[in-house]
Amino acid sequence: MPQSNAKKPQAVMPGDEVGQKFHCDNCQANLTDGVRISCSECAEFDLCVTCFSRGVEIGTHKNDHAYRVVTRHRFPIFTESWSADEELLLIDGLRQFGMGNWKDAADHVGTKSKEECERHYNSVYVASDTWPLPDTSRDFGMALAQTAGEKRSRTTAPGKPKVLSSQPSNHEIVGYMPGRLEFETEFENEAEQVVKDMVINDDDSAEEIELKHIVMKIYNNKLDRRLYRKAFIFDRGLLEFRKNQAIEKRRPKDERDLLNKIKIFARMQTRDDFEAFSTGVLNEHTLRQRIAQLQTWRRNGITTFEDGAQYESERSQRLSRRATTQRDSAHLLERLQKIVSARNMREAGTESTATATAAATATATLKQTTRKTPNTLDIEGADGINLLADAEKELCSQLRIFPRPYLVVKQTLLSEYARTGSLRRLRARELIRIDANKTSRIYDFFVQSGWIKAPDHPTMPLALGSSTTAGALAAGDASVPAAAPGFSRHTTSGSLDFPIKSEQ
């Protein structure tokens, strides 16, 4: 049996004319506003005049079936602006969707808004002098009622042609099909999978029928949520992605961040209420910024707007010069480091050592002037805090390292020192693959605490697994470094490839 070509009313965007539309079942030509040949034997089967004259046969339809010629009733019967077809569609829509449901009735009519439908029904049918029947005494002659499209054609210039095919690629929003007002992937897209094969049989028990009714109610609730979200998208104009993106790009970053934070309230407010709310929040944000600026001017002794404008101009210039100075300082620091490295490679002995120390001191001083000291890390209550001495707690706080990773570093370095009897700074960096500056600070701390000795005072390497080492440890030999608080002496071989994460 041929499929129906009369589409049911569906949710529409403002200004779209939907209502009932008819198409030729053969060539798909739009027959809504023209003459169509309707088959009297095939259910809802229509042909255009051209296809009918060629004797088209489709499916069960034969060219010898009885037929009737259907035309649009565009003449008015009660008012000049409403045709006979629109009057019939209005009454039919109210019968289907209920009295007072002007939104669905207007969608059924297609060419009128819900306000026009309500106003027309109240004036023609309810307030009629011949109630309960409308006034049929008026004579309009041969005049035709004006359609909404004809009214707009006089007032608006012709725009771009609408997309006739309904495919996911025909809109700026990927997956949206404008002709069907649907998305390729809907909300609760798998909702139909539960009910597509459901059948209520005559031999079903009462419990089975009740269960199926409950499943249908759940399915209907999902459809309601889907329609609510689609209506929200249409009402808020979210399909106009490029337009909304252009408007958002023109806003400052702080305003964009603020609007993104309050978007959560859009579902709880109407479109007008949310726009008023957003405007108020932005105005408050602007006022707060202005008040803070005026307070800054007052603290700096500025009393006029002219002085304030000059102050802001000079302030921006100072910030620009400061950024340039910091970049130059960073470049100078890099050059000094290269000079120090090259000199260390060429020279040897105490003179080169002194030069490197002086250069390192100079670079450290320069670095302190160009880099901000990071905030200390609060490690109170952290895991392993009770295993650290006060000096170690302060070191971990300054280096922003938690106690447990620090204990692993400490154990690795002291185990390597006990195994070889000497530990160079470079070897410590190879073992502890974290920030080189943090490793150097930990290395210097261990040297100052006397847990390890610098390479200038080497000691005989001791193998922790040998009997000599075991005896020395048992006798408390001074040549073996004493274990620091929280450090257990045991063999650790290889390097520590353990990333220590600290809060930044």
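Residues numbered from 1 in each chain as written. Predicted model: local features only at pLDDT ≥ 70, side-chain atom pairs only at ≥ 80, totals over all residues. Heavy atoms only, no water.

## Things to note about the overall build of the protein
Within the protein, the regular secondary structure consists of 17 helices and 5 strands. Counting across all 504 residues of the protein, residues that qualify as buried make up 29%. As displayed, the protein has an accessible area near 33,600 Å², and 53% of this comes from carbon and sulfur atoms. (Helix = DSSP H or I, 4+ residues; strand = E, 2+ residues; numbered from the N terminus. Buried < 20%, exposed > 50% of the residue type's maximum accessible area, 1.4 Å probe, protein only. Areas by Shrake-Rupley, 256 points an atom, 1.4 Å probe, with all protein chains shown as cover.)

## Things to note about helix α9 (residues 253–262)
Listed in full, the buried residues belonging to α9 are Glu 255, Leu 259 and Ile 262. Seen along its axis, α9 keeps its buried residues to an arc of 65 degrees; they face one direction. The exposed residues of α9 that point more than 90 degrees off its buried face are Lys 253 and Lys 261. Buried positions along α9 lie against α10 (271–299). (Arc of directions from axis to C-beta. Contact = heavy atoms within 4.5 Å.)

## Details of a nonpolar patch on the surface
Judged by side-chain polarity, Val 35, Val 49, Phe 52, Tyr 67 and Val 69 come together as a nonpolar surface patch covering roughly 430 Å² of accessible area. Mapped onto the nonpolar patch, the elements with two or more residues apiece are α1 (49–53) and β3 (67–70). Tracing the backbone through its elements, the reader meets Val 49 in helix α1. (Patch = residues over 30% accessible without salt bridge, like charges linked within 9 Å, V, L, I, M, F, W, Y side chains within 5 Å. Salt bridge = Lys/Arg side-chain N within 4 Å of Asp/Glu carboxyl O.)

## Notes on the packing of aromatic side chains
The final tally for this structure, using the stated rule, is 9 aromatic pairs. On the numbers, 5.1 Å between centres and 25 degrees between planes, the contact of Tyr 121 with Tyr 125 is stacked. Of this pair, Tyr 121 and Tyr 125 both sit in helix α4 (residues 114–126), 4 residues apart, which is roughly one turn of that helix. Here Tyr 121 matches Tyr 125 in class, with each residue buried. In this arrangement the basic side chain of Lys 112 is found over the ring face of Trp 82, its NZ or CZ atom lying 5.1 Å from the centre. A cation sits over an aromatic face here: Arg 229 above Phe 187, 3.9 Å from the ring centre. (Phe/Tyr/Trp six-rings, centres within 6.5 Å; stacked < 30°, edge-to-face > 60°. Lys NZ or Arg CZ within 6 Å of the ring centre and 35° of its normal.)

## A word on the pattern of salt bridges
In total, this model carries 20 salt bridges according to the counting rule given. The shortest N-O distance in the salt bridge between Arg 225 and Glu 188 comes to 3.5 Å. Taken together, the positions of Arg 225 in helix α7 (residues 206–235) and Glu 188 in the loop between β5 (182–183) and α6 (192–195) put the pair 37 residues apart, joining distant regions of the chain. Salt-bridge contacts for Glu 275 lead to Arg 271; the nearest nitrogen and oxygen are separated by 3.6 Å. Pair noted here: Glu 275 and Arg 271 are both in helix α10, with a separation of 4 residues, about one helical turn. On the basis of relative accessibility, which here comes to 42%, the residue Glu 275 falls in the partly exposed class. What makes Arg 271 partly exposed here is its relative accessible area of 35%. Connected via shared salt-bridge partners are Glu 416, Arg 419, Arg 427 and Glu 430.

## A look at the state of the cysteines
Inspection of every chain in the model, using the stated rule, returns 0 disulfides. In this structure Cys 24 is a free cysteine whose sulfur lies 3.6 Å from that of Cys 27, the closest cysteine sulfur available. Looking at Cys 24, the relative accessible area reads 1%, which means it is buried. (Disulfide = S-S within 2.5 Å.)

## Thoughts on the side chain of His 120
Take His 120: it is sitting in helix α4. Side chain to side chain, His 120 and Trp 82 meet in a polar contact 3.5 Å long. Contacts of His 120, omitting those with residues within four sequence positions, involve Thr 79, Trp 82, Glu 87, Leu 90 and Tyr 125. (Polar contact = N/O pair within 3.5 Å; in protein donor to acceptor, adjacent residues only side chain to side chain.)

## A short note on the pairing of strand β1 (residues 36–39)
Of the two faces of β1, the one lined by Arg 36 and Ser 38 and the one lined by Ile 37 and Cys 39 are each fully buried. As judged from the 4 bridges shared by β1 and β3, these two strands associate in the antiparallel manner. Pairing of Ser 38 across the sheet is with Arg 68, part of β3. In this sheet, strand β2 (residues 46–47) lies alongside β1 in antiparallel orientation, the contact comprising 2 bridges. Residue pairing for β2: Ser 38 is matched across the bridge by Asp 46. (Pairing = 2+ DSSP bridges.)

## Comments concerning unusual backbone geometry
A positive phi is found at Glu 44, a non-glycine position, where the angle reads about 50 degrees. Within the chain, Glu 188 stands out as a residue other than glycine whose phi angle is a positive 55 degrees.

## Focus: the nonpolar core
Counting residues in hydrophobic clusters, the biggest one holds 26 residues, and the most contacted among them are Tyr 406, Leu 413, Leu 423, Ile 442, Phe 446 and Ile 452. Looking at this core, the elements that each hand over two or more residues are α13 (390–399), α14 (403–420), α15 (425–431) and α16 (436–449). Residues within four places of Leu 423 in sequence aside, it is in contact with Leu 413, Glu 416, Tyr 417, Ala 428, Leu 431, Tyr 443, Ile 452, Lys 453 and Pro 455. In terms of nonpolar packing, the next biggest core, distinct from the first, is built from 13 residues, Trp 82, Leu 89, Leu 90 and Leu 94 among them. (Core = buried A, V, L, I, M, F, W, Y, C linked by side-chain atoms within 4.5 Å.)

## Quick word on a negative patch on the surface
A cluster of like negative charges, contributed by Asp 202, Asp 203, Glu 207, Glu 208 and Glu 210, occupies part of the molecular surface. Relative to the assigned elements, Glu 208 resides in helix α7. A residue is classified by how much of its surface remains accessible, and Glu 208, at 40% relative accessible area, is partly exposed. (Lys, Arg positive; Asp, Glu negative; His and termini not counted. Charge placed at Lys NZ, Arg CZ, Asp CG, Glu CD.)

## Considerations on the sheet that holds β3
Sheets are built from strands paired through backbone hydrogen bonds, the pairs being either parallel or antiparallel. Strands sit in the order β2-β1-β3 across an open sheet of 3 strands; the sheet is antiparallel. Whereas interior strands pair on both sides, the edge strands pair on one side only; in this sheet they are β2 and β3.

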